[in-house]
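# Structure assessment
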Amino acid sequence: MMNVRGGTLPPVFFQRLWRAVLLGLAVCFSPVQAADLPDALQSALEDLAGRDKVLRLEAVERIANSGTEESEALLQVILSGELYHWKPEDRFVRGEKDGRKFILYALEDGAELATVGRREAKKVSINNTLRGAVKSALATLDLIAPDPAKRLAGVRAQFAALAVPVERIDALLESESDTAVRDSLVTLRAMTLVSDETASGEPLMTAIAALGNSTEPGALTPLKGRFERSDDDAEKSALSSAIKAFESRQARFGMVKQVFFGLSLGSILVLAAIGLAITFGVMGVINMAHGELIMLGAYTTWAMQQLLPGQPGVALLLAIPMGFMVSASVGMVMERFAISKLYGRPLETLLLTFGFSLILQQAVRTFISARNVAVSNPSWMSGSLELHPMLSLTMNRVVIMFFCLAVFAVLWWVMQRTRFGLQLRAVTQHREMARCVGVRSRRIDTLTFGLGAGLAGLAGVALSQLGNVGPNLGQAWIVDSFLVVVFGGVGNLWGTLIGGLGIGVATKLIEPWSGAVLAKVLLLVAVILFIQRRPRGLFPPSGRSAGDN
Amino acid sequence: MKVLKKFDGALTGAAIALSLTAASVGTAAADTIKVGVLHSLSGSMAISETTLKDTMLMLVEQQNAKGGLLGKQLEAVVVDPASDWPLFAEKARELIEVEEVAAIFGSWTSVSRKSVLPVLEELNGLMFYPVQYEGEESSKNIFYTGAAPNQQAIPAVEYLRDELGVERWALLGTDYVYPRTTNKILAAWLADNGVAEEDIMINYTPFGHSDWQSIVSDVKAFGSEGKKTAVVSTINGDANVPFYKELGNQGISADDIPVVAFSVGEEELSGIDTAPLVGHLAAWNYFMSVDSEANDDFIDAWLEFIGDEDRVTNDPMEAHYIGFNMWVKAVEVAGTTDTDAVVDAILGVSVPNLSGGYSAMMPNHHITKPVLIGEVQDDGQFDIVWETPGLVPGDAWSDFLPGSKDLISDWRAPLSCGNFNVVSGSCGGGS
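Residues numbered from 1 in each chain as written. Chains lettered and ligands numbered in written order. Predicted model: local features only at pLDDT ≥ 70, side-chain atom pairs only at ≥ 80, totals over all residues.

On to the overall build of chain A. The number of helices and strands found in chain A is 21 helices and seven strands. Whereas a compact globule of 549 residues would reach a radius of gyration of roughly 24 Å, chain A reaches 31 Å, over 25% beyond that. Across its three principal axes, chain A shows a C-alpha extent of roughly 90 × 65 × 55 Å. In chain A, buried positions account for 41% of the 549 residues. Residue pairs at least 24 apart in sequence account for 67% of intrachain contacts in chain A once pairs closer than 6 positions are excluded. (Helix = DSSP H or I, 4+ residues; strand = E, 2+ residues; numbered from the N terminus. Rg over C-alpha atoms; globule rule 2.2 N^0.38 Å. Buried ≥ 20, exposed ≤ 12 C-beta atoms within 10 Å, placed from the backbone. Contact = placed C-beta atoms within 7 Å.)

Shown next as structure tokens:
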């Protein structure tokens, strides 16, 4: 069936090739390719659908060890939760949910059988224990997969159970050529040896030392386990020094991680506050609707994902300009028709913007939904970035950190290097003088408020990737935003950046000692005390712009 | 801000109440029995409570279709306490004094129930409370159809210990009364069952907490010490999504460290991206996925009533279903809607629940329920992986708290006491 040219390939190649073909088939036509389900599998499925937990667990093992070619595909069906019992026919099938109906396919040949209602198809549910067993059975099959990445995942999946015998690992090591997989196999071998009660002498000592120098986070578990059980002094001292070496390395990376957590929290605070740094900081408008402008950005992301189903990444990228524009337009309308009438009357402005915040919230409740909406993460914003086996940073936070820095850099460039930025600074520093030299200050006011509102929209796009998107989203950020701007120094963008990052890092350094609730309290107290000492914040404005006009 | 909000809430509430009063004056005939529905339709709790209001309207409609009660039609009187706790008390007073309702079905948060309680006791009203809560309460005038801690938290922990072999426990919660009491009970239970202090981690976070990086990383470290670890979560509402997202991103899957939650149900899952939650657990007394005829009928009726195929059913809805049917049965037995007669008649009343069995009202005003553990699926439904072999009777006073383990509640004569101390032999709590 397969035309292979050249006759020098080793037999193992054909084995792998055959497996690859099987896998390919399994992926293409998920249900198995056979006329009838073998009895061994049928009876195992009956046990799996039963209630006896021991029998159910055994059923998974029986399927995995059945040696039938259907077993792998069947395990995949079980893992994906698509195995159903078709009650009227008393038959096991693969089911796909379609609205409130279920489409049933034969396990044997994938043929479509019927579309039935909820009452006829009973899902064969699997719990975590069974899911773990299925995963480890599949991982064991992965150990001889042709793709090195898959083999590596297969080896790593064994770290928790340590169920592969040492002889098997040695055999795998002999045929393994990929260095990363080899390293993992060596670690697995050492972990298996250390947790093996019967192991002793030189090989055990080597394994203990190897784990002490290992960077695999799971290596600590067998060391600690053996230390608790062991009664041999030499063994105990070797174990204790290995544990110490491992833990001190872990602590060093832990410190780096805390600082990263702080910077990440800080960058989110900066993003949330940077729009306010313009509207409140530069223009002096106490903008209570700032949180709702953030919320509009988050809803724009949701709307983009609705318009481009199945393309969350593209939708997110498009949401960046869209979110800016939506919030900026709303902000400019607000400024033009209401806020501008109340310049110089801060208390009325506060009430006015608070009113806007209520209107925007209720508008979302009425026209979209009072309930939260689902915004999904694109694949490049899920999971972690592994810098080192002991230091992995979550992708969404890393991306948002760079996004924050990029936004800040662009804003800085706009303020310092463009004509608009020059006029903006001129108007805020000395309105009359700016008008004298021909700056249209009313227009600049509107554009500046729009800029601040648009930045809030950008923050919303980023926040939609972290938490809930709902009508109350803005309320959660308004206090933090004001905190950052006031702490950093009103009217100073650098203050907002340094203030936000500083508050973030400080929170994360206090949190392990105090808990999240007290950390928030302590931080507020610290900022209040700081403002008492330095009312103008971290970076007080200097020169003419400091004047209270 | 606060004042403004309250004023605003009171205004809306008053407006709605006015219009409702006007409406009921117009339509109410003398031969109807009024049922009060006291659920927030605006404000922060509206997300959860509006559904319960609709459930009550459906149940009343169904009962009327069956011929009403005592030969009279039922009439639902809906008021909006606007997620404002003091307003709950005012609205309850209005329902009893002005509307003269026979029973109230309502409240969600414990603080709203505590605010209504004195009004109910003063005016001798009746209320059915449908949400799982922290226990430590039993009033003559309230029937607790949601789960007490021993009907949710403790069976869930037993499941984790016995079925999954969990030996280390991270108890994470939002910082308010329900998580703090529940965690106190759980910590005492775990200690009684030989779990060492260093194997229990307790952590509280503010409402709406969104930055879970360090806590999840702590849990990960806590779980990497070789013993099987689980998280018991009393995290409330909006804080859940970022929490589960962070778990997923830090590579913690449900088979490494399972999370069992007491506040995450079908309704909460319907507004979020469920991908990071798949495989994690929740403990309730009812899931929409329960395989029973009664449940299929209930779901069909609900979807038809609400006119939206995508809506879900959840545990507090079942609690109202049970509570309403118990009240109907008790009124039929008593032959009157008089509070004292109904309170006497309802004890021991047994009605079908939606999981294929029967629930009974006990002398402590709590009910018997099965406890189910479900795993989150990617469609926002739960796969039931375990259930208690029989029904669990709700315990008003936890046996695992020093102040309450000597207390019992029994509203049958001659005891008729919600907090009888078996050591001192007197009614009125105190140890």
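On to the overall build of chain B. From N to C terminus, chain B includes twelve helices and 19 strands. Computed over its C-alpha atoms, the radius of gyration of chain B comes to 22 Å, within 12% of the 22 Å expected for a compact globule of 431 residues. For chain B, with 431 residues in total, the buried portion stands at 55%. Here the analysis covers contacts within chain B between residues at least 6 apart in sequence; of these, 68% occur between residues at least 24 apart.

This part takes up the interface of chain B and chain A. Counting from both sides, the interface comprises 45 residues of chain B and, opposite them, 51 residues of chain A. At the level of secondary structure, the elements contributing two or more residues to the side of chain B that touches chain A comprise helix 2 (46–65), helix 5 (153–164), strand 7 (200–205), helix 7 (213–222), helix 8 (240–249) and strand 15 (382–387) of chain B. Of the residues forming the side of chain B that touches chain A, the biggest block, five residues, is contributed by helix 8 of chain B. Residues of the side of chain B that touches chain A, tallied by class, amount to 13 nonpolar, 18 polar and 14 charged. (Nonpolar A, V, L, I, M, F, W, Y, C, P; charged D, E, K, R; others polar.)

All names here are of chain B. Within the element layout of this structure, A283 appears in strand 10 (residues 281–284). Judged by C-beta crowding, with 26 C-beta atoms within 10 Å, A283 ranks as buried. In this structure, the C-alpha to C-alpha distance between A283 and R180, residues 103 residues apart in sequence, is 18 Å. With residues up to four places along the chain from it excluded, the contact list for A283 reads Q152, P155, A156, V260, F262, V371 and I373.

So, on to the sheet that holds strand 19 (residues 426–427) of chain B. Residues and elements named next belong to chain B. Strand order in the open sheet formed by three strands is 17-18-19, with antiparallel pairing between adjacent strands. Looking at which strands have only one partner, the edges of the open sheet turn out to be strand 17 (407–410) and strand 19. Both strand 17 and strand 18 (residues 417–421) contribute to a ladder of three bridges, which runs antiparallel. Opposite L407, over in strand 18, you have N421 as the bridge partner. (Pairing = 2+ DSSP bridges.)

Residue and element names in this part refer to chain B. With six of its six residues buried, strand 8 (residues 229–234) lies for the most part within the structure. Alternating positions in strand 8 separate into two faces, T229, V231 and S233 on one and A230, V232 and T234 on the other, with burial throughout. As defined by bridge partners, strand 6 (residues 168–174) adjoins strand 8 across six bridges and the pair is classed as parallel. When the sheet's bridge partners are listed, L172 is paired in strand 8 with S233. Summarising the sheet, strand 8 and strand 9 (residues 259–261) pair through three bridges and their orientation is parallel. Directly across from V232, in strand 9, lies its bridge partner V260.

Residues and elements named next belong to chain A. Strands sit in the order 4-3-2-1-5 across an open sheet of five strands; the sheet is antiparallel. Every interior strand has two partners, whereas the edge strands, strand 4 (112–116) and strand 5 (121–123), have only one. The mean inter-strand angle of the sheet, taken between neighbouring strand axes irrespective of direction, is 40 degrees. The pairing of strand 2 (residues 91–98) with strand 3 (residues 101–106) spans six bridges and is classified as antiparallel. If you follow E96 over to strand 3, its bridge partner there is I103. (Axes fitted to C-alpha atoms, helices over the stretch in contact; angles between N-to-C directions.)

All names here are of chain A. Taken residue by residue, chain A gives an average pLDDT of 84. The fraction at 70 or more is 92%. Overall, residues 1–14 carries pLDDT values under 50, and its contacts beyond four positions in sequence, including any with other chains, amount to one contact. Counting contacts from residues 20–35, a segment whose pLDDT is below 50, to residues more than four positions away or on other chains yields 28 contacts. (pLDDT = per-residue confidence, 0-100.)

All right, on to the domain arrangement of chain B then. Residues and elements named next belong to chain B. Considered domain by domain, chain B is made up of domain 1 (2–147 + 314–368) and domain 2 (150–290 + 370–393). Using only C-alpha atoms to locate each centre, domain 1 and domain 2 end up separated by 30 Å. Counting residues at the interface gives 16 residues for domain 1 and 20 residues for domain 2. For the side of domain 1 that touches domain 2, the secondary-structure elements that each account for two or more residues are helix 2 and helix 11 (315–334). (Domains from an automatic or database assignment.)

Locating I359 of chain A in the fold gives a position in helix 14 (residues 346–367). Each C-alpha atom of the pair I359 of chain A and L316 of chain A lies 26 Å from the other, and the pair is 43 residues apart in sequence.

So, on to the nonpolar core. Counting residues in each nonpolar core, the largest one holds 122 residues, and the members touching the most others are V35 and V260 of chain B. The greatest single-element share of this core, amounting to ten residues, is contributed by helix 11 of chain B. Residue assignment places this core across two domains, with domain 1 (2–147 + 314–368) and domain 2 (150–290 + 370–393) of chain B each supplying three or more. Not counting residues within four places of it along the chain, the set of residues in contact with V35 of chain B comprises V60, L74, E75, A76, V77, V101, A102, A103 and F105 of chain B. Membership of the second largest hydrophobic core comes to 75 residues, among which are V270, L293, V326 and A456 of chain A. (Core = buried A, V, L, I, M, F, W, Y, C linked by C-beta atoms within 7 Å.)

It is worth spelling out helix 4 (residues 71–79) of chain A at this point. For helix 4 of chain A, the full list of buried residues reads S71, A73, L74, L75, V77 and I78 of chain A. Looking one or two places after helix 4 of chain A, you find G81 of chain A, whose phi comes out positive at around 70 degrees.

All names here are of chain B. Across chain B, the average pLDDT comes to 88, with 92% of residues at 70 or higher. Predicted confidence for residues 1–29 stays below pLDDT 50, and this span has 22 contacts to residues more than four positions away or in other chains. Reported confidences for the modelled complex are a pTM of 0.80 and an ipTM of 0.76.

On to the pairing of strand 6 of chain B, then. Residues and elements named next belong to chain B. Among the seven residues in strand 6, seven count as buried, and that is most of the element. A two-sided burial pattern is seen for strand 6, the buried positions comprising R168, A170, L172 and T174 on one face and W169, L171 and G173 on the other. Here six bridges tie strand 6 to strand 7, and the two strands are oriented parallel to one another. When the bridges of strand 7 are listed, G173 appears paired with Y204. Taken together, strand 6, helix 6 (residues 177–192) and strand 7 form a β-α-β motif whose crossover is right-handed. (Right-handed = clockwise from strand over helix to strand, strands pointing away.)

On to the packing of helix 11 of chain B against helix 12 (residues 339–346) of chain B, then. All names here are of chain B. Contact pair helix 11 / helix 12: the axes reach a minimum separation of 8 Å and the direction vectors enclose 110 degrees. In this view, helix 11 runs roughly perpendicular relative to helix 12, as classed from their interaxial angle. From helix 11, M326, W327, A330, V331, V333 and A334 reach across to helix 12, where they touch A341, V342, A345 and I346. Here the residues of the contact of helix 11 with helix 12 are counted per class, giving ten nonpolar, no polar and no charged. (Parallel < 35°, antiparallel > 145°, perpendicular 65-115°, else oblique.)

A word on unusual backbone geometry. Residues and elements named next belong to chain B. Following A413, the chain continues into P414 via a peptide bond in cis, with omega recorded as 5 degrees. Tracing the chain through its elements places P414 in the loop between strand 17 and strand 18. Within the chain, E100 stands out as a residue other than glycine whose phi angle is a positive 55 degrees. The partly exposed category is assigned to E100, around which 13 C-beta atoms lie within 10 Å. In this model, S107 sits at a positive phi of 75 degrees, which is unusual for a non-glycine residue. In this structure, S107 sits in the loop between strand 3 (103–106) and helix 4 (110–123). The class of S107 is buried, set by 31 C-beta atoms lying within 10 Å.

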